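# Notes for the structure review
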Amino acid sequence: MKVSVLGATGYAGAELLRILYNHPQAEVVHITSESHTGEKIADLYPHLRGCYDMVLESMKDIEAIGKDSDFVFIGLPHGHAMKVGRALRDLPVRIIDLGADYRFRDTSVYEAWYHVPHTDPEAERVYGLAELYRDEIRDAKIIGNAGCFTTASILALAPLARAHLIDVNTIIVDAKSGVSGAGRSPKQANHFPELYDNFRAYNVAHHRHTPEIEQAVTDLSGEATVINFTPHLVPMSRGILATCYATLKEGVTPELVDAAFEKAYSKEFFIRLLGRGGYPSTKEVRGSNFCDIAWHIDERTHRVIVLSAIDNLVKGAAGQAVQNFNIACGFDEKTGLDFVPMYP
């Protein structure tokens, strides 16, 4: 498959190139960057030296790129992918957007949270969280890759919501992310003296991943869902740990919770269940497409606490995009992705 990466100089774009290099069924034919057009990708990311001797192009002739590609991966900020989608609508090329433009079925939700008009509301899109939506992903023209916080959170909550074991309107998600989730552009909050030896919350009660989690939990449970989601920034480069709380419905036992996770994920290669009482950590999934999940039951409060760890740049972005690509192409989902996490 001929693939192109639009926005190859972001962290997710560079991680996508790293993964695609070892994918036996993918040939990267175009990489783009508007801010670094004409430069070699290996000059910007020296870890790609000897692997990619490619020059970054402009997206100005997007139709030519589309005609030359079977798949286009879009690693651009929100608001840009929908323009690409419109430009490529009449071509047979398929799109995987690592941003937010195609994650929502209801574009009014996107507009309310992202504060920009959606210019491609008629596009046929599916939500790209592989383990939960693979049937829809197989034939999709446009796949809206799930976000990083949302991947960790939804995978943690999905078995409980689908089995109707929790009151979905008692969900609280408390999640911590490494700084690469904020992108490569320099910001004061991500400056080393500000970040090091520090730990803080941000975008409390209005983070844009909130409605994405709500959409998925509503799908799974059949009940309209409103949650509390609070993200935190921690001084590490990669990783997300999501701690998800919910009240169990009356009569739900720890054994029913155990059975729900086993039923949902026992056959999923990329989800590793640590069981009741386990403790996932970000270092144990670093550099991999795995999601490690464990759960605890607080019998005193009759609440369940689910812990979920992923690498935000792999399972939370580029790795999930390749997993979706594999599903859409009919390849084994593990193709190009079955590597062991880096440790320590």
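Heads up: the structure comes first, above all this text.
Remember, predicted model here, so these are calculated numbers, not experimental data. (Residues numbered from 1 in each chain as written. Predicted model: local features only at pLDDT ≥ 70, side-chain atom pairs only at ≥ 80, totals over all residues. Heavy atoms only, no water.)

Bringing the overall build of the protein into the picture now. Along its length, the protein carries 11 helices and 13 strands. Overall, the protein is about 60 × 45 × 40 Å in size when its C-alpha atoms are taken along their principal axes. Counting all 344 residues of the protein, 57% fall into the buried class. Long-range contacts, defined here as pairs at least 24 residues apart, represent 70% of the contacts in the protein between residues at least 6 apart. With the model as given, the accessible surface of the protein reaches about 14,800 Å², and the carbon-plus-sulfur share is 52%. Where the 34 positive side-chain charges of the protein centre and where its 44 negative ones centre are 2 Å apart. (Helix = DSSP H or I, 4+ residues; strand = E, 2+ residues; numbered from the N terminus. Buried < 20%, exposed > 50% of the residue type's maximum accessible area, 1.4 Å probe, protein only. Contact = heavy atoms within 4.5 Å. Areas by Shrake-Rupley, 256 points an atom, 1.4 Å probe, with all protein chains shown as cover. Lys, Arg positive; Asp, Glu negative; His and termini not counted. Charge placed at Lys NZ, Arg CZ, Asp CG, Glu CD.)

Bringing unusual backbone geometry into the picture now. Cis rather than trans, the peptide bond between Tyr343 and Pro344 has omega equal to 0 degrees. Relative to the elements of secondary structure, Pro344 occurs in the segment after α11 (314-329). In the Ramachandran plot, His115 falls in the positive-phi region, its phi being about 60 degrees despite a non-glycine side chain. Relative to the helices and strands, His115 is located in the loop between α5 (107-114) and β5 (125-128). Taking relative accessible area as the criterion, His115 reaches 63% and is therefore assigned exposed.

With that out of the way, let us pick up the sheet that holds strand β6 (residues 142-145). Taken in spatial order, the six strands make up an open sheet running β2-β1-β3-β4-β6-β5, and their pairing is parallel. What marks the edges here is a single partner per strand, and that holds for β2 (27-32) and β5. Taking each pair of neighbouring strands and ignoring which way they run, the sheet shows an average axis angle of 20 degrees. (Pairing = 2+ DSSP bridges. Axes fitted to C-alpha atoms, helices over the stretch in contact; angles between N-to-C directions.)

The next thing to look at is the pattern of salt bridges. Throughout the structure, instances matching the rule amount to 17 salt bridges. We note a salt bridge from Arg18 to Glu15, for which the minimum N-O separation is 2.8 Å. Note that Arg18 and Glu15 are positioned in helix α1 (residues 11-21) at a spacing of three residues, about one turn of the helix. On the basis of relative accessible area, Arg18 is assigned to the partly exposed category, the value being 28%. According to the relative accessible area criterion, Glu15 is buried, its value standing at 4%. The salt bridge partner of Arg272 is Asp292, with a shortest N-O separation of 2.7 Å. You can see Arg272 sitting in strand β11 (residues 271-276) and its partner Asp292 sitting in strand β12 (residues 291-298), a full 20 residues away along the chain. According to the relative accessible area criterion, Asp292 is buried, its value standing at 3%. Overlapping salt bridges, with partners in common, bring together Glu15, Arg18, Arg238 and Asp311 in one network. (Salt bridge = Lys/Arg side-chain N within 4 Å of Asp/Glu carboxyl O.)

This brings us to helix α9 (residues 210-221). For α9, spanning 12 residues, the distance from its first C-alpha to its last is 17 Å, which sits close to the expected 16 Å at 1.5 Å a residue. Counted residue by residue, α9 has 10 buried out of 12 residues, so it is predominantly covered. Looking only at α9, the buried set comprises Thr210, Pro211, Glu212, Ile213, Glu214, Gln215, Ala216, Val217, Leu220 and Ser221. Structurally, α9 contributes buried residues whose contacts are with α5, β5, α6 (130-137), α7 (148-162) and β9 (228-233). (Expected span 1.5 Å × (residues − 1).)

Reading across from one edge, β8-β9-β7-β10-β13-β12-β11 is the order of the seven strands in this open sheet, with mixed pairing throughout. One side of each edge strand has no neighbouring strand; the edge strands of this open sheet are β8 (200-201) and β11. Taken together, the seven bridges between β12 and strand β13 (residues 303-310) define a ladder with antiparallel strand orientation. Bridge assignment links Ile297 to a residue of β13, and that residue is Val304.

This paragraph deals with the packing of α7 against α9. At their nearest, the axes of α7 and α9 sit 9 Å apart, and the two run at 20 degrees to each other. By the criterion of interaxial angle, the relationship of α7 to α9 is roughly parallel. Here α7 and α9 pass one another in a crossing that is right-handed. On α9, the residues that touch Thr150, Ser153, Ile154, Leu157, Ala158, Ala161 and Arg162 of α7 are Glu212, Ile213, Ala216, Val217, Leu220 and Ser221. When the residues that make up the contact of α7 with α9 are grouped by side-chain class, the tally is eight nonpolar, three polar and two charged. (Parallel < 35°, antiparallel > 145°, perpendicular 65-115°, else oblique. Left-handed = near helix turned anticlockwise from the far one by under 90°. Nonpolar A, V, L, I, M, F, W, Y, C, P; charged D, E, K, R; others polar.)

On to the state of the cysteines, then. Applying the stated rule across the entire model yields zero disulfides. Cys291 supplies the cysteine sulfur nearest to Cys148, a cysteine that is in no disulfide, at a spacing of 13 Å. A relative accessible area of 13% means that Cys148 is categorised as buried. (Disulfide = S-S within 2.5 Å.)

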